[in-house]
Amino acid sequence: MPRARRFLVCEPRHFAVQYAINPWMHPDTPVDVDLAQEQWQELIRAYRSHGHAVEAVEPVPGLPDMVFAANAAFVVGGRVFGSLFHAPERRPESVHYDTWFKSAGYDVYRPESVTEGEGDLVWTGRYVLAGTGFRTTREAHREAQEFLGHPVIGLTLVDPYFYHLDTALFVLDGGHEENIVYYPEAFSPGSREVLKRLYPDAVLATRDDAMAFGLNSVSDGRHVFIAPKAEALAERLADHGYVPVPVDLSEFHKAGGGIKCCTQEIR
């Protein structure tokens, strides 16, 4: 069943690819800012038309990746675990997101270790799945567990194209019967075993699904907001009773981001 969510986003007013911090980014590739705006607005319309609340942080000139709101924090039970970005170019983003959360009445924990919010921390409803290998460190996993008071399960990413956990895995349901979708080969052998034990009935994705940003999706428990080119994955989800909602964010793929990257969930 769908559950109404509360999302935090940031308009791509200053979106561009000005540097390269993942394999998707090529500064010599032009970005169509007008198209990016149209695609982002369509995502917001899709969320609101399905009953979800959307709030926005004001974009800041000189921070082209600020549109990727998911990386700015991880929020569970009103506790905000902030970010310390790996790339120096992105570190100023944290200040502006922290300011938004504080003005909304939240206390924000400032991590001492590199961590990139919901990019690598995924709430399942019972515990936190936590990615490492390219960005977020294992030390940050320990910090998150101490601050949040929820078990944190570390997973090692091994493919640089899937540098964040939210490019290789997403949660279908956030309740007691939660299930996930993931691309096994994005993980180390030991992490694949962990996922297999935790989620024996998980929906498995292919590399084609992942390269189409099909794993950078958002589910409300019924509807799955998904990249249109992840057609095979969408069909498998439909077979499992979910309703795919295609939303094209292809301009953002040029920076290595998609639907989930643009979406911070406030729980």
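Going by the structure above, here's the rest.
If you're wondering where the values come from, they're calculated on a predicted model, not measured in any experiment. (Residues numbered from 1 in each chain as written. Predicted model: local features only at pLDDT ≥ 70, side-chain atom pairs only at ≥ 80, totals over all residues. Heavy atoms only, no water.)

Caption draft 1: Geometry of the environment of Ala 56. Of note, Ala 56 is situated in strand β2 (residues 53–57). Residue Ala 56 is classed as partly exposed on the basis of its relative accessible area, which comes to 48%. Ala 56 sits 33 residues away from Pro 23 along the chain, and the two C-alpha atoms are 28 Å apart. For Ala 56, the residues in contact, after removing those within four places along its chain, are Leu 8, Val 9 and Trp 100. (Helix = DSSP H or I, 4+ residues; strand = E, 2+ residues; numbered from the N terminus. Buried < 20%, exposed > 50% of the residue type's maximum accessible area, 1.4 Å probe, protein only. Contact = heavy atoms within 4.5 Å.)

Caption draft 2: Structural context of the sheet that holds strand β8 (residues 152–156). Read from one edge to the other, the open sheet built from 3 strands follows the order β6-β7-β8, with strand pairing classed as mixed. Since the sheet does not close on itself, it has two edges, and those belong to β6 (121–123) and β8, each with one partner. Neighbouring strand axes in the sheet, compared pairwise and without regard to direction, differ in orientation by 25° on average. Pairing of strand β7 (residues 128–132) with β8 involves 5 bridges; the strand directions are parallel. Bridge pairing in β8 links Val 128 to Val 152. Helix-sheet contacts for helix α4 (residues 189–198) involve β7 and β8, and the interaxial angle to β8 is about 135°. (Pairing = 2+ DSSP bridges. Axes fitted to C-alpha atoms, helices over the stretch in contact; angles between N-to-C directions.)

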